[in-house]
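Notes for the structure review
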Amino acid sequence: MLKRALFAETLGSLLLTGVVIGSGILGSGLSPHNGAVALIGNTAATAAILYVLITIFGPISGAHFNPAVTLIFALNKEIRWPAACAYGAAQVIGCIGGAMLAHAMFEAPLLQVSAQDRSGLAKTLAEAVATFALVLTILGTRSAKPGATPAAVALVITAGYWWTSSTSFANPAITIARALTDSFAGIRPVDAPGFIASQLAGALAALTTSKFLFPYKRHGEAT
């Protein structure tokens, strides 16, 4: 049922973003002079909530929480385009709500403008790579071991936090929300379009690669 799926996408996106931003605020507050410690806390919290959210919402909506992922499912004809557009809107609304929720919990202005500089070709390249790895993980795990998807996604994001110069946003909706927080997890609005374009490019590259490596059989197809 589409209404239940959209509610799951909105709520999941809200909780995911709330954890990403909230753990960033807490981590940087507890370790104001040690960015590595703050990033460890941010990474652990994000990976943990991803595992939980994908596990509980996967059967309802597929647990995309990410317009780049929804785009790939639409291109694979696993979700109709009107529903995919509705998913994207729900994800953006949920992510913005999550940013506001995190700010409210830490007694900060609900909507802010980030001053966190994430400019440069290296970081935009990193976002393409991070999203490529995320989408390839989703498609590959669905082909090889579907039950491992929650853990696989949590692990690839954990790795992405530490091996990409952008710290692996890998999600256009959460990039928009992170432009609205002037915190450890933020991104300047001027840098966000480059991140989003790179994320979509990385997702499309992963789809092309997956068709060669492990062509996914939609439910109901013969082997």
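Residues numbered from 1 in each chain as written. Predicted model: local features only at pLDDT ≥ 70, side-chain atom pairs only at ≥ 80, totals over all residues. Heavy atoms only, no water.

Right, let's talk about a nonpolar patch on the surface for a bit. Residues L26, L30, L101, M105 and F106 make up a contiguous nonpolar surface patch of roughly 490 Å² in combined accessible area. At the level of secondary structure, the elements contributing two or more residues to the nonpolar patch comprise α1 (2-30) and α4 (81-105). By secondary structure assignment, the location of L26 is in helix α1. Residue class for L26 comes out partly exposed when judged on its relative accessible area of 42%. (Patch = residues over 30% accessible without salt bridge, like charges linked within 9 Å, V, L, I, M, F, W, Y side chains within 5 Å. Areas by Shrake-Rupley, 256 points an atom, 1.4 Å probe, with all protein chains shown as cover. Salt bridge = Lys/Arg side-chain N within 4 Å of Asp/Glu carboxyl O. Helix = DSSP H or I, 4+ residues; strand = E, 2+ residues; numbered from the N terminus. Buried < 20%, exposed > 50% of the residue type's maximum accessible area, 1.4 Å probe, protein only.)

Another point: the environment of D182. Here D182 lies in the loop between α7 (172-178) and α8 (192-213). Under the relative-accessibility criterion, D182 is labelled partly exposed at 46%. Considered as a pair, D182 and C95 are 87 residues apart in the sequence and their alpha carbons are 15 Å apart. The contact partners of D182, leaving out residues within four places of it in the chain, are Q112, V113, S114, A115 and Q116. A distance of 3.1 Å separates the side chain of D182 from the backbone nitrogen of A115, its partner in a polar contact. (Contact = heavy atoms within 4.5 Å. Polar contact = N/O pair within 3.5 Å; in protein donor to acceptor, adjacent residues only side chain to side chain.)

Quick look at the side chain of H103 now. With respect to the element layout, H103 can be found in helix α4. With a relative accessible area of 1%, H103 lands in the buried category. With near-sequence residues (within four places) excluded, H103 lies in contact with I21, I25, A108, P109, L110, L111, Q112, L180 and T181.

On the secondary structure map, T124 appears in helix α5 (residues 121-144). At 3.0 Å, the side chain of T124 and the backbone oxygen of L121 are in polar contact. Beyond its immediate stretch of four places on either side in the chain, T124 contacts G194, F195 and S198.

Take the pattern of salt bridges next. Scanning the entire structure with this criterion turns up three salt bridges. Its salt-bridge partner being R142, residue E78 comes within 2.6 Å of it at the nearest N-O pair. Taken together, the positions of E78 in the loop between α3 (67-75) and α4 and R142 in helix α5 put the pair 64 residues apart, joining distant regions of the chain.

Glancing now at the packing of aromatic side chains. Tallied over the full model, the rule gives two aromatic pairs. Between F57 and F65, the aromatic rings sit 6.2 Å apart at their centres with planes inclined by 80°, giving edge-to-face as the arrangement. Neither F57 nor F65 differs from the other in exposure class; each is buried. For the pair F169 and F195, a centre-to-centre distance of 5.1 Å together with 75° between the ring planes defines the contact as edge-to-face. Pair noted here: F169 is in the loop between α6 (149-163) and α7 and F195 is in helix α8, with a separation of 26 residues, a long-range link. (Phe/Tyr/Trp six-rings, centres within 6.5 Å; stacked < 30°, edge-to-face > 60°.)

Quick look at the confidence of the model for the chain now. Of the residues in the chain, 96% have a pLDDT of 70 or more, and the chain-wide mean is 95. This model gives residues 219-223 a pLDDT under 50, and the stretch forms three contacts once residues within four places in sequence are excluded. (pLDDT = per-residue confidence, 0-100.)

In this section: the nonpolar core. As a rule of thumb, soluble globular proteins bury nonpolar side chains together. Membership of the largest hydrophobic core comes to 41 residues, with the highest contact counts inside it found for L16, L50, F65, I79, L134 and I157. For this core, the secondary-structure elements that each account for two or more residues are α1, α2 (35-61), α3, α4, α5, α6 and α7. For L134, the contacting residues outside a window of four places in its chain are N66, V153, V156, I157 and A170. Listed in part, the eight residues of the second largest apolar core include A68, I72, L139 and L207. (Core = buried A, V, L, I, M, F, W, Y, C linked by side-chain atoms within 4.5 Å.)

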